[in-house]
Amino acid sequence: MSGRTEAAPAAPATPGLSPEVWKAATVVILGATMSFLDSTVVNVALKALAAGLVTSLDTIQWVVTAYLLAVAAAIPASGWAARRFGAQRSYLFAVLLFTAASALCGVAQSAGQLIAFRVLQGLGGGMIMPIGQIILARAAGPRNLARVMSVVGVPIVLAPVFGPFAGGLLLHYANWRWIFFVNLPVGLLAALCALRLLRPDRPQQAAPLDPVGLAAISASMVALTYGLGGVGRHTSAGALLALLGGGLLLVLFVLRTLRTAHPLFDLRLYRDPVFRAASLTTLFLSMGMYAGMVLMPLYFQSVRHADPVTTGALLLPASAGAAAATWLSGRAVERLGGGRTAFLGAALSLAAAVPFVLLRVDTPYPVIGSAMLVSGFGAGLSVMPAMTSAFRALDPAQLGDASPQLNMLQRLGGSVATAVFVAVLQNGLDGAGDSTGRQLAAYTDTFWWSLGAAALAAGAALLLARAQQRSEPPRSAPTHRGTPQKAEA
């Protein structure tokens, strides 16, 4: 399947978006905002959770990692569910499951209970975004896809920075339980909008779900994340065995997927060089985003002794940069192409990562804020153009397979980054004691890992830009700004 045949558009060729598209976008933004915010909002509360539930930072970070892993595990089944039960019905179920699990998280009495309820919450959250993207792609059509994706991309790039700020406010004026209770009204509103604004779609003929493949890829992600985190903390036999087991399960999944009649994923999509490069870019961009999301709140609280509200305020420059860039990214894709836009954003994020490895105890806040502003702008300019490029490289019929895979890579990158970077940080903090200088050294050492992730993202984005350049047809005449050629996405 080359995916290069230009399909007839499913939406008008005019620059404006139809009311049906805006209705779908409203519903998807509500659900996506709730899901992505919840994956980040607890980061500013990690120290408070560890103290309140009487456990260590190593244990409490699994409140974040377990959620992301559960999200990644649920994503593979989302495309099948959308076909088997209908996209609107599946989206509604995912929102309600997420909302109910949020209530359970709010009443958890131990770290073990909270981690278990976060897994349940992640299973619902993992289906929200990929099914929402399927709904949007069908409603908007290929001509309006870049513009719609830039709008829906706002919660993806704002969540890593706005989430900690919201969490700080809730910790200051209430307690950690309200980090989860706040999802209840938003979830109910999203469910109501899904009922009122989305047209029910008929279930389609769907191949049987592959339970063996689903179990293999889910267990592989858990084992690899645990193993990588363990190696970052201290190399042990258990960590190495987890890495080995995770690798073997991943190989088993690939072999089964290539041989079974009804695979969980269509891995043939990766034959397309544009989709392959866009997928790698999405993975590494997610690692860089979640690195900053985890490390910066802890740095401000531990080294600079900021309270949760101040910590959230200090993260706002990144939010402002991300918001501005995400708003501009749709038009940038139309002018420059998705690959070039993603590379420009990734290069900015790489440049902005350098000051963090040079941090000192007394580094002025304006300097940190400027670096975070550029970093956020780079993230906003790269995340959605990379995903849009992946979608536009395929035929519309392949979107149901592409969306779950891209979302799984995005969450997998976040979970791996969280587990590894926190393990590396904790390893440095163990010998630091109360010395602020040694604590700072532990953070700067970990920021080198973040810099490495940013470099990988920039390299992958460069590959994406080159792949699109090679696939571009010769230009004989300029195209309408609202109708870019498919190869330039």
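Residues numbered from 1 in each chain as written. Predicted model: local features only at pLDDT ≥ 70, side-chain atom pairs only at ≥ 80, totals over all residues. Heavy atoms only, no water.

1. Let's talk about the overall build of the protein chain
Along the protein chain, the regular secondary structure elements total 19 helices and zero strands. When the 489 residues of the protein chain are sorted by exposure, 57% land in the buried category. Residue pairs at least 24 apart in sequence account for 85% of intrachain contacts in the protein chain once pairs closer than 6 positions are excluded. Counting every atom, the protein chain has about 19,100 Å² of accessible surface; 67% of that belongs to carbon and sulfur. (Helix = DSSP H or I, 4+ residues; strand = E, 2+ residues; numbered from the N terminus. Buried < 20%, exposed > 50% of the residue type's maximum accessible area, 1.4 Å probe, protein only. Contact = heavy atoms within 4.5 Å. Areas by Shrake-Rupley, 256 points an atom, 1.4 Å probe, with all protein chains shown as cover.)

2. Regarding the side chain of threonine 225
Looking at the secondary structure, you find threonine 225 in helix α11 (residues 211-233). Among the polar contacts listed, one links the side chain of threonine 225 to the backbone oxygen of methionine 221, at a separation of 2.8 Å. Not counting the four nearest positions on each side in its chain, threonine 225 is found in contact with Thr65, Leu69, Leu412, Ser415, Val416 and Ala419. (Polar contact = N/O pair within 3.5 Å; in protein donor to acceptor, adjacent residues only side chain to side chain.)

3. Quick word on the packing of helix α4 (residues 62-85) against helix α5 (residues 87-106)
Taken N-terminus to C-terminus, the directions of α4 and α5 make an angle of 150 degrees; their axes are 8 Å apart at the nearest point. It follows from the interaxial angle that α4 and α5 lie roughly antiparallel. Regarding α4 and α5, the two cross each other, and that crossing is right-handed. Seen from α4, the contacting residues are Tyr67, Ala81, Ala82 and Phe85; seen from α5, they are Ala87, Arg89, Ser90 and Phe98. For the contact of α4 with α5, the residue count by class is six nonpolar, one polar and one charged. (Axes fitted to C-alpha atoms, helices over the stretch in contact; angles between N-to-C directions. Parallel < 35°, antiparallel > 145°, perpendicular 65-115°, else oblique. Left-handed = near helix turned anticlockwise from the far one by under 90°. Nonpolar A, V, L, I, M, F, W, Y, C, P; charged D, E, K, R; others polar.)

4. Examining the side chain of threonine 418
Along the chain, threonine 418 turns up in helix α18 (residues 399-430). Only 2.8 Å separates the side chain of threonine 418 from the backbone oxygen of glycine 414, close enough to count as a polar contact. Dropping the residues within four chain positions of it, threonine 418 is found in contact with Gln61, Val64, Thr65, Leu68, Tyr290, Met293 and Val294.

5. Examining a nonpolar patch on the surface
On the surface, Leu104, Val107, Val119, Leu120 and Leu123 cluster together to form a nonpolar patch covering roughly 330 Å² of accessible area. In terms of residue count, the dominant contributor to the nonpolar patch is helix α6 (residues 111-140) (three residues). Within the fold, leucine 123 resides in helix α6. (Patch = residues over 30% accessible without salt bridge, like charges linked within 9 Å, V, L, I, M, F, W, Y side chains within 5 Å. Salt bridge = Lys/Arg side-chain N within 4 Å of Asp/Glu carboxyl O.)

6. Brief notes about the nonpolar core
Among the nonpolar cores identified, the biggest contains 136 residues, and Leu114, Ile179, Met296, Tyr299 and Phe300 are the most heavily contacted of them. Examining the composition of this core, we find that 18 residues originate from one element, helix α13 (residues 273-302), more than from any other. Every residue in contact with phenylalanine 300, bar those within four places of it in the chain, is listed here: His305, Ala306, Thr311, Leu314, Leu315, Tyr365, Ile368 and Met372. (Core = buried A, V, L, I, M, F, W, Y, C linked by side-chain atoms within 4.5 Å.)

7. Thoughts on the layout of surface pockets
As a volume, the second largest pocket reaches approximately 660 Å³. In this structure, the second largest pocket is lined by 27 residues; those nearest its centre are Leu250, Leu283, Met408, Leu409 and Leu412. Elements supplying a minimum of two residues to the lining of the second largest pocket: α11, α12 (237-259), α13 and α18. Here the lining of the second largest pocket takes eight residues from α18, the largest share from any one element. (1 Å grid on protein atoms, 1.4 Å probe; cavity = no way out; pocket = protein on both sides within 12 Å on 5 of 7 lines; lining within 4 Å. Points joined across faces, edges and corners; volume = space filled by probe spheres on them.)

8. Topic: unusual backbone geometry
Positive phi, normally seen in glycine, also occurs at valine 54, with a value near 55 degrees. Relative to the assigned elements, valine 54 resides in the loop between α2 (46-52) and α3 (57-60). Unusually for a residue other than glycine, histidine 305 sits at a positive phi of about 55 degrees. Along the chain, histidine 305 turns up in the loop between α13 and α14 (308-314). In this structure histidine 305 comes out as exposed when scored by relative accessible area, which is 60%.

9. Concerning the confidence of the model for the protein chain
Averaged over every residue, the pLDDT of the protein chain is 82; residues scoring 70 or more account for 88%. By mean pLDDT, helix α7 (residues 145-152) is the weakest element of the protein chain at 68, and helix α16 (residues 338-353) is the strongest at 94. Confidence over residues 475-489 falls short of pLDDT 50; this stretch has 41 contacts with residues more than four positions distant or in other chains. (pLDDT = per-residue confidence, 0-100.)

10. Quick word on the packing of α13 against helix α17 (residues 365-392)
Where α13 contacts α17, the two axes come as close as 9 Å, and the packing angle between them is 155 degrees. Taken together, the axis directions place α13 and α17 in an arrangement best described as roughly antiparallel. Both α13 and α17 take part in a crossing whose hand is left-handed. Here Val274, Phe275, Ala278, Thr281, Thr282, Leu285, Met289, Met296, Tyr299 and Phe300 of α13 come into contact with α17, specifically with Tyr365, Ile368, Met372, Ala379, Ser382, Val383, Ala386, Met387, Ser389 and Ala390.

11. Considering the environment of threonine 26
Along the chain, threonine 26 falls in helix α1 (residues 19-41). Between the C-alpha atoms of threonine 26 and cysteine 193, which are 167 residues apart in sequence, the distance is 8.2 Å.

12. Thoughts on the pattern of salt bridges
Scanning all chains against the criterion turns up three salt bridges. Note that arginine 256 is salt-bridged to aspartate 210, the shortest N-O span being 3.0 Å. Separated by 46 residues along the polypeptide, arginine 256 in helix α12 and aspartate 210 in the loop between α10 (183-197) and α11 bring together distant segments of the chain. A residue is classified by how much of its surface remains accessible, and arginine 256, at 32% relative accessible area, is partly exposed.

13. Here we look at helix α15 (residues 316-336)
The end-to-end C-alpha distance of α15 is 28 Å, a good match for the 30 Å that 21 residues give at a rise of 1.5 Å each. Maximal helix bending in α15 amounts to about 40 degrees, located at serine 329. Along α15, the positions that sit buried rather than exposed are Ala318, Ser319, Gly321, Ala322, Ala325, Thr326, Ser329, Gly330, Ala332, Val333 and Glu334. Residue glycine 337 follows α15 closely and has a positive phi angle near 95 degrees. (Expected span 1.5 Å × (residues − 1). Bend = angle between axes of the 7 residues up to and from the residue.)

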